[in-house]
Amino acid sequence: MGFNCGIVGLPNVGKSTLFNALTATAAAEAANYPFCTVEPNVGRVTVPDPRLGEIAKIAGSQKVIPTSLEFVDIAGLVRGASKGEGLGNQFLANIREVDAILHVLRCFQDENITHVDGSVDPIRDAETVETELMLADLESLNKRIDQIRKKGATGDKESKLLLEVMEPTIKALEDGNPARTVSLTPEQTRIMRTLNLLTFKPVLYICNVEENAAATGNEHSAKVVEKAQKEGAGCVVISAHIESEIAQLPEDEKQEYIESMGLKEAGLAQIIRAGYALLDLLTFFTCGPKEARAWTVRKGSAAPRAAGVIHTDFERGFIRAETIGFGDFIQHSGEQGAKDAGVLRQEGKEYLVKDGDILHFKFNV
């Protein structure tokens, strides 16, 4: 199961520079003109997790395989994208395919880098992109609503359930509010996901500031932080230029450079943590002599679902999951110690996987 985050924003805000830094590649061309990224670039980045190294050491694992997140660099949106302006249809289709949106906002002044609107104003920029996404969602729903109403009038239960979600969502969009602001029951949330609306996707704002503001932020990023708090969205302040510098350094020099810039960690780690929270993810582990490996599932996933992340046969033939909490695994020096201490548990199909669980699945196909 892969989880991906689409990097969006207006042209020249630092999206491709950030993407290159995050994925440590030159796959996305960073250039001072709009639409330098026409096809979405995709890069997978490993998720740093010190627990995995501790598990591997105790288990004597030959290989260590971290879990990963996928980043998709999507070309810059402009006003009119919902009507096809600036290759808008293609860009909106690319956004529709991702699980979450990382919205990069320009929070730095630089006369050498043009801004499509002539001045730096991250709140205006955020609203420009959000408006285009809302207009695209509104058009999508309005195309379907009459047909759904006709079917609902005949007593079709599925259509009635759809209407209970679509009608308040259309009202919210017409009032200038994204789909994620609509109050829904768990069942209605499931239905909303099937509509694949752009503005229902969770959002993380990334404030791209100048180098000397990376540790503290600036007046522009402060406004974005306030906006994110009001919306219940995530927000991270980074300098894409610093991230680009970090990506080019040897591993043993990175931390020293990070600290010299007044930072505790690279922006990548912040974005991954925020992305995990945004997607409501957790990490579980498997380990043995051959390898120790981290895996990702959504919070609330039952054991068979987690087993299916490893292999579909594991989910189909699930019997039970031998489970050890990370703390117990470390405290008792591995599986045998945990077993001797009575903290290795046999969990069934109803067990909800917890972050840090070390699992061994029993299955029969």
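Everything below is about the structure shown above.
Bear in mind that the values here come from a model prediction, so they are computed numbers and not experimental data.

Thresholds, definitions, all that
- Residues numbered from 1 in each chain as written.
- Predicted model: local features only at pLDDT ≥ 70, side-chain atom pairs only at ≥ 80, totals over all residues.
- Heavy atoms only, no water.
- Core = buried A, V, L, I, M, F, W, Y, C linked by side-chain atoms within 4.5 Å.
- Buried < 20%, exposed > 50% of the residue type's maximum accessible area, 1.4 Å probe, protein only.
- Contact = heavy atoms within 4.5 Å.
- Phe/Tyr/Trp six-rings, centres within 6.5 Å; stacked < 30°, edge-to-face > 60°.
- Helix = DSSP H or I, 4+ residues; strand = E, 2+ residues; numbered from the N terminus.
- Disulfide = S-S within 2.5 Å.
- Axes fitted to C-alpha atoms, helices over the stretch in contact; angles between N-to-C directions.
- Parallel < 35°, antiparallel > 145°, perpendicular 65-115°, else oblique.
- Nonpolar A, V, L, I, M, F, W, Y, C, P; charged D, E, K, R; others polar.
- Arc of directions from axis to C-beta.
- Pairing = 2+ DSSP bridges.

Caption draft 1: Looking closely at the nonpolar core. The biggest cluster of nonpolar side chains holds 49 residues, and the ones touching the most others in it are Leu-18, Leu-69, Phe-71, Leu-102, Leu-204, Ile-206 and Ile-271. If we ignore the near neighbours within four places in the chain, the residues touching Ile-271 are Leu-18, Leu-22, Phe-71, Leu-102, Leu-204, Ile-206, Val-236 and Ile-238. Among the nonpolar cores identified, the runner-up in size contains 19 residues, and Met-134, Leu-141, Val-165 and Leu-197 belong to it.

Caption draft 2: Local environment of the packing of aromatic side chains. A complete count under the given rule lists three aromatic pairs for this structure. Measuring from ring centre to ring centre gives 6.3 Å for Phe-284 and Phe-361, while their planes differ by 90 degrees; the resulting arrangement is edge-to-face. Taken together, the residues span a long stretch of sequence, with Phe-284 in strand β8 (residues 281–287) and Phe-361 in strand β12 (residues 358–363) at a distance of 77 residues. Each member of the pair, Phe-284 as well as Phe-361, is classed as buried. Through pairs of rings, three or more aromatic residues link up here, namely Phe-284, Phe-318 and Phe-361.

Caption draft 3: Quick peek at the state of the cysteines. Evaluation of the coordinates by the stated rule reveals zero disulfides. Here Cys-235 is not cross-linked by a disulfide; its sulfur's nearest cysteine counterpart is in Cys-207, at 3.8 Å.

Caption draft 4: Region of interest: the packing of helix α5 (residues 157–174) against helix α6 (residues 186–195). In contact at an axis separation of 9 Å, α5 and α6 are set at 75 degrees when each is read in the N-to-C sense. Classed by the angle they form, the pair α5 and α6 counts as roughly perpendicular. Residues Leu-161, Leu-162, Glu-164, Val-165, Met-166 and Thr-169 of α5 form the contact with α6, whose participating residues are Gln-188, Ile-191, Met-192 and Leu-195. Each residue belonging to the contact of α5 with α6 can be placed in one class, and the counts come to seven nonpolar, two polar and one charged.

Caption draft 5: Main features of α6. Among the residues of α6, Gln-188, Thr-189, Ile-191, Met-192 and Leu-195 are the ones counted as buried. The arc enclosing the buried residues of α6, seen along the axis, measures out at 165 degrees, which places them on a common side. Projecting away from the buried face of α6 at angles above 90 degrees are the exposed residues Pro-186, Arg-193 and Thr-194. Residues of α6 that are buried in the fold lie against α4 (122–153) and α5.

Caption draft 6: Seen up close, the sheet that holds strand β2 (residues 41–46). If you walk across this open sheet you meet the six strands as β2-β4-β1-β5-β6-β7, and the pairing is mixed. Looking along the sheet, the strands with just one partner apiece sit at the ends: β2 and β7 (234–238). Going across the sheet, the axis of each strand differs from the next one's by a mean of 25 degrees, ignoring polarity. Pairing of strand β6 (residues 203–208) with β7 involves five bridges; the strand directions are parallel. Bridging from a neighbouring strand, Leu-204 pairs with Gly-234 of β7. Together, β1 (4–8), β2, β4 (68–73), β5 (100–106), β6 and β7 form the strand contacts of helix α1 (residues 15–23), whose direction differs from that of β2 by roughly 40 degrees. Sheet strands in contact with α4 are β5 and β6, and its direction is about 145 degrees off that of β5.

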